[in-house]
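Structural description and commentary
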Amino acid sequence: MDKFMETAKKMEQMSPEAKKQMMTKNRSMCICAKCPTYNSCMKEKNELLFCSTGKSACSVEMKACICPTCPVTAMMGLTHAYYCVKGSEKELRRM
Ligand code: SF4
Ligand code: SF4
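Residues numbered from 1 in each chain as written. Chains lettered and ligands numbered in written order. Predicted model: local features only at pLDDT ≥ 70, side-chain atom pairs only at ≥ 80, totals over all residues.

1. So, the overall build of the chain
Within the chain one finds 7 helices and 0 strands. Listing each helix as α and each strand as β along the chain from the N terminus yields α-α-α-α-α-α-α. Dimensions of the chain along its principal axes, counting C-alpha atoms only, are 35 × 25 × 20 Å. Every one of the 95 residues in the chain was classed for burial, and the buried ones make up 20%. Counting only contacts in the chain whose residues sit at least 6 apart along the sequence, the fraction spanning at least 24 positions is 55%. (Helix = DSSP H or I, 4+ residues; strand = E, 2+ residues; numbered from the N terminus. Buried ≥ 20, exposed ≤ 12 C-beta atoms within 10 Å, placed from the backbone. Contact = placed C-beta atoms within 7 Å.)

2. Some details on the site of ligand 1
Close contacts around ligand 1 come from 13 residues, with Cys30, Cys51, Cys67, Cys70 and Val72 the closest. Listed by contribution, the elements that provide at least two residues to the shell around ligand 1 are helix H4 (50–53) and helix H5 (71–76). Here the residues of the shell around ligand 1 sort into 11 nonpolar, 2 polar and no charged. (Near = placed C-beta within 6 Å. Nonpolar A, V, L, I, M, F, W, Y, C, P; charged D, E, K, R; others polar.)

3. Description of the site of ligand 2
What surrounds ligand 2 is the set Cys32, Cys35, Thr37, Tyr38, Phe50, Cys65, Ile66, Cys67, Ala81, Tyr82, Tyr83 and Cys84. Its residues assigned to classes, the shell around ligand 2 comprises 11 nonpolar, 1 polar and no charged.

4. Regarding the environment of Cys67
Turning to its location among the elements, Cys67 is positioned in the loop between H4 and H5. Between the C-alpha atom of Cys67 and that of Cys32, which follows or precedes it by 35 residues, the distance is 7.3 Å. Excluding anything up to four places from it in sequence, Cys67 contacts Cys51, Thr73, Leu78, Ala81 and Tyr83.

5. Looking at unusual backbone geometry
Notably, Tyr82 is not glycine yet its phi reads approximately 50°, a positive angle. The phi dihedral of Arg94 is positive, around 55°, even though this residue is not glycine. For Arg94, the position within the fold is in the segment after helix H7 (89–92). For Arg94, a count of 5 C-beta atoms within 10 Å gives the class exposed.

Shown next, in the form of structure tokens:
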């Protein structure tokens, strides 16, 4: 089982409160706001953490994706990128 599958399994066993805390922590670590693809619409909607929440509600022009350098990628064992356009890690894995 790869790291993301292990993390996802652990999260399933967490209480709703613990899950919420983890999402808040990950959101604070998210570096999307520094990405060339991150636009004013995303900022206005306060969107972040697309790897968990899925696609942006904004129209997005793909310029680059800095997800591979984000600490959340290493911590969660993420294997994709451009989550704001393509959907969450779970969606991309068809989980
Ligand atoms: S991997 Fe990407 S979407 Fe997920 S927290 Fe990091 S920068 Fe944000
Ligand atoms: S998900 Fe990737 S492409 Fe989209 S804003 Fe975050 S770092 Fe940039």
